[in-house]
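# Observations on chain architecture
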Amino acid sequence: MSSGLALASRVLRTLSTPEDYTPWDAPEASQPVTDSSLQHVAESLARGISDVQYQIESHVSTHFNVIKEQVDAAAAIQVEARQIAEDIAAITDRVENSTDGLEARMHSALREYDELQLKADVVEQSLNIVESLVQIDDLLSTYAEHVNLNDYAAAFEHAARTKASMDTLPPWEVTAVFEVLKDRQSSIDENLKGRLEYIVSQALCIDLRKGSVMIKVEEYVTAPGLGPDPISLQSALLAVAGQGLEKTYLMPFVRLLYKKVLEPVVRDARWDVRVDAETRSLSISLEENAPSSWSALPQSLIFGRLASIFAFFESSMPKNADGTSQHALLLGLLGTTFWTQLSSAIVECYLEKGLPEEARLLADFESVAEDCLTFEQDLVNKGLKVTGLTPLGIFCNDLEKHFTNKRHLTLLETARLFLITKDYATVQLEESIPVPLSNFIPSIILEPKREINAPPFFEKTPFGFPRCVISVTTQNITDLVRRTTVEARELSPYCRDRLQRSAHAILDLFRAVVPVHAAHRLATIPQMPMVLFNDCMYIAHHLLLLHLENRRTGSQGNAGYLGLAIAFRAISEQVLDAELARQRDILQGIIDDADGFDVLNEQRRVIVEKTLKQLTHQLVRLSNVWQPVTPPSMYAATLAPLISYTLRLLSSQVLALIDIGEQESHSLHVLLTSFHEALTPLLAGLSSEDYGGPPVPELAKFRHLVSILESSFAGIMELYRSAALKAFEEEELVRLVRALFADTPLRRANLEKIRSGAKTFLAVST
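Residues numbered from 1 in each chain as written. Predicted model: local features only at pLDDT ≥ 70, side-chain atom pairs only at ≥ 80, totals over all residues. Heavy atoms only, no water.

### Looking at the overall build of the protein chain
Each helix and strand in the protein chain was counted, giving 27 helices and 8 strands. Expressed as a percentage of the 766 residues in the protein chain, the buried residues total 39%. For the protein chain, the proportion of contacts with a sequence separation of at least 24, taken over those separated by at least 6, is 73%. Total accessible area computed for the protein chain in this model is approximately 43800 Å², and 56% of it derives from carbon and sulfur atoms. (Helix = DSSP H or I, 4+ residues; strand = E, 2+ residues; numbered from the N terminus. Buried < 20%, exposed > 50% of the residue type's maximum accessible area, 1.4 Å probe, protein only. Contact = heavy atoms within 4.5 Å. Areas by Shrake-Rupley, 256 points an atom, 1.4 Å probe, with all protein chains shown as cover.)

### Here's the deal with empty space enclosed by the protein
All told, the structure shown has 2 cavities of 30 Å³ or more when counted by the stated rule. For the largest cavity, the calculated volume is near 250 Å³. Surrounding the largest cavity, 20 residues form its lining, S471, V514, R521, M528 and D535 being those nearest its centre. Broken down by secondary-structure element, the contributors of at least two residues to the lining of the largest cavity are α14 (399-419), α15 (472-488), α16 (493-517), α17 (519-524) and α18 (527-553). Considering each element in turn, the lining of the largest cavity owes the most residues, 4 residues, to α18. Residue composition of the lining of the largest cavity, grouped by class: 11 nonpolar, 6 polar and 3 charged. A volume near 50 Å³ is recorded for the second largest cavity. The set of elements that each furnish at least two residues to the lining of the second largest cavity consists of α8 (246-267), α9 (301-316) and α10 (327-337). Considering only residue class, the lining of the second largest cavity consists of 7 nonpolar, 1 polar and no charged. (1 Å grid on protein atoms, 1.4 Å probe; cavity = no way out; pocket = protein on both sides within 12 Å on 5 of 7 lines; lining within 4 Å. Points joined across faces, edges and corners; volume = space filled by probe spheres on them. Nonpolar A, V, L, I, M, F, W, Y, C, P; charged D, E, K, R; others polar.)

### Some points on the sheet that holds strand β1 (residues 204-209)
Strand order across the open sheet formed by 4 strands is β1-β2-β6-β5, with antiparallel pairing between neighbours. In this open sheet, the two strands that pair with only one neighbour each are β1 and β5 (271-276). Within the sheet, the average angular offset between the axes of one strand and its neighbour, ignoring direction, is 15°. The pairing of strand β2 (residues 212-217) with strand β6 (residues 281-286) spans 5 bridges and is classified as antiparallel. (Pairing = 2+ DSSP bridges. Axes fitted to C-alpha atoms, helices over the stretch in contact; angles between N-to-C directions.)

### Brief notes about the environment of T222
The topology assignment puts T222 in the loop between β3 (220-221) and β4 (231-232). T222 gets classed as exposed once you look at its relative accessible area, which sits at 52%. Residues T222 and Q202, 20 residues apart in the sequence, show an inter-C-alpha distance of 9.1 Å. Filtering out sequence-adjacent residues up to four positions away, T222 remains in contact with Y198 and P230.

### Notes on the confidence of the model for the protein chain
For the protein chain, per-residue confidence averages 81 on the pLDDT scale, and 87% of positions sit at 70 or higher. This model gives residues 435-461 a pLDDT under 50, and the stretch forms 20 contacts once residues within four places in sequence are excluded. Confidence over residues 758-766 falls short of pLDDT 50; this stretch has 6 contacts with residues more than four positions distant or in other chains. (pLDDT = per-residue confidence, 0-100.)

### Observations regarding the packing of aromatic side chains
Applying the stated criterion to the full structure yields 11 aromatic pairs. An angle of 45° between the planes, with centres 5.8 Å apart, marks the rings of F510 and F568 as tilted. Highlighted residues: F510 in helix α16 and F568 in helix α19 (residues 561-593), separated in sequence by 58 residues. We note that F510, like F568, is buried. (Phe/Tyr/Trp six-rings, centres within 6.5 Å; stacked < 30°, edge-to-face > 60°.)

### Observations regarding the packing of α14 against α15
Taken N-terminus to C-terminus, the directions of α14 and α15 make an angle of 170°; their axes are 9 Å apart at the nearest point. Considering their axes alone, α14 and α15 lie roughly antiparallel with respect to each other. Across from F403, R407, L411, T414, A415, F418 and L419 in α14, the residues of α15 making contact are T473, N476, I477, L480, T484 and E487. By residue class, the composition of the contact of α14 with α15 is 7 nonpolar, 4 polar and 2 charged. (Parallel < 35°, antiparallel > 145°, perpendicular 65-115°, else oblique.)

### Looking at the pattern of salt bridges
If you walk through the whole model with that rule in mind, you get 25 salt bridges. Measuring nitrogen to oxygen at the nearest pair gives 3.6 Å for the salt bridge that ties R270 to E288. Taken together, the residues R270 in the loop between α8 and β5 and E288 in the loop between β6 and α9 connect sequence positions 18 residues apart. Residue class for E288 comes out exposed when judged on its relative accessible area of 56%. When the shortest N-O distance is used, the salt bridge between E287 and R274 registers 3.3 Å. On the criterion of sequence distance, the pair formed by E287 in the loop between β6 and α9 and R274 in strand β5 is long-range, its members being 13 residues apart. (Salt bridge = Lys/Arg side-chain N within 4 Å of Asp/Glu carboxyl O.)

Dropping the structure here:
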């Protein structure tokens, strides 16, 4: 059979293989499959199948009994498994049945057990509550008994135990018995609180009257509701202190003590303190005729009065078992509530006002600070409770800082009063001797200094100041700044820098206030801008000296004196430029009002004459108000440009005339000559030595213009040929000649000469 199967396998493989496939082990030439081969294969397959069938049948017949036994056993096992499944289903139904199953009965039993347990808990809680209620009732009775016996320490103890027991009760909202107990407890608490408040208020009594306050300490207190025996203040305070309830029972008295006794005594020195040891009373009364400021009274008197108040309580309050006074309760409560305010009031009303105005007196004030710290430390040792540094300690540990702060405010207030004064007085300054540079800049070469026999005035240096007028306000401000900087050198580096900044702030205040405060006067009074110019230059001069002095002495922190000096110089220049511009506008307006300088008739001549008189008056007025207050060089530097500006405007008006007749030319000559003669006194005061050059550049041109108005044509040409008219432009001379003379061949020829000559002159000048 196996050979037949092998053959069949080979045949099938051959039939299923493609025609072009050649196995690797196949011979080179294969023979084709024939019908006989296929028939042989089919027969072989049939024989193989028959052999297999025969073998199967033989095997079954041989092992039939064994197979039958195995099949019967499998059937029995199947029946047994079915029976077991039925039993399991029955058991499951007995367990899980919702009506009478084991699980349902177990849940029912558990529910019954829980209900019984709950009932047992309720019974147990009820028993506990009843027991607690009985205990609370006993505690409340004992609590009330101790209150009635005035045993307040034991009463507080039972009150705490009662509260602890009450807290163990369940938090039921509405329970009559609980409410009764709570009401009873509240009633006893109120009774205890009322008794203690009454005892404290009666034993520590403050009687307020007009102009006086009396404090009296009673050792025992009696009242119909407190029993037949007097009750000691000591027992009440011991009970209060034992429970830490000082703030509850002593705060009203401590508040009144601070508001009606301690604070008034600190803030007003007229309150006098008197202690009567026999009656255990203290009184303060307002002495109307006494000084209200502590600065007018002996040093540290304030601490003496406060100490007498606290000493009164130390001697009058009951004693503890160890012999110490119970006034420590008051001190402790005062320290945690009002001591910060009280110490701030001491600083404000005594220490700050008592600070000296000068640094040299600061050392003497240090003893006051020591008294202050000693006073506070004594109170701390006796029971005053403070945390960290108090305002007293902060102030006394840094006196220089507070001194400089006060000094700063005082300096600014002084400066403000100087600046807003209505007194516009001035003061004459004599010329200061210049300070040699060698005084400020040390020599690089180490050699002995040589004495200079020449007067210091002739030593060229920028640190002199000329003779002029400044305002009294500026003098006061400068003196204040100088005193401040000198005073700063005696203090610590921080305070020195702070006071130097105060000097800087004073001058900043000057810069901010004066231009605004004096704005109207600066715009209406010509002398005021010049005085302000001098003020700013004077301040800048002193700032420069301060800067160099600090450099010389090695002082730190110049507070920007050099920059501030530059700023004041800039202000002076702005003031001067603004004033000169305003005066130029005034002069321009006077000339513009004339509406030209033609004098064709008498009416026009009167107008021009009036204009020239107004110009003269304005310039003379400026000279009269400027010359007394400014240095000669400054006077020339301000008035000369205005005169030159006026002459230039007048020349422009004359040169602008198109036609000038002989009579009109003569009238203009007379008017302008009179104007020039009126200015002669002013021009005489403008020397070239003071001004440093020609004081009035337009004067020569103006004089020649006036001369031309009366000159002949030949005279004009002679002046031209002599280069006397070089101040005139070519077109100006041409227009002037055309306006003065009629159009003739001679005028045309001379104009041609002027044009050609002017060009030649200009070329030579270049």
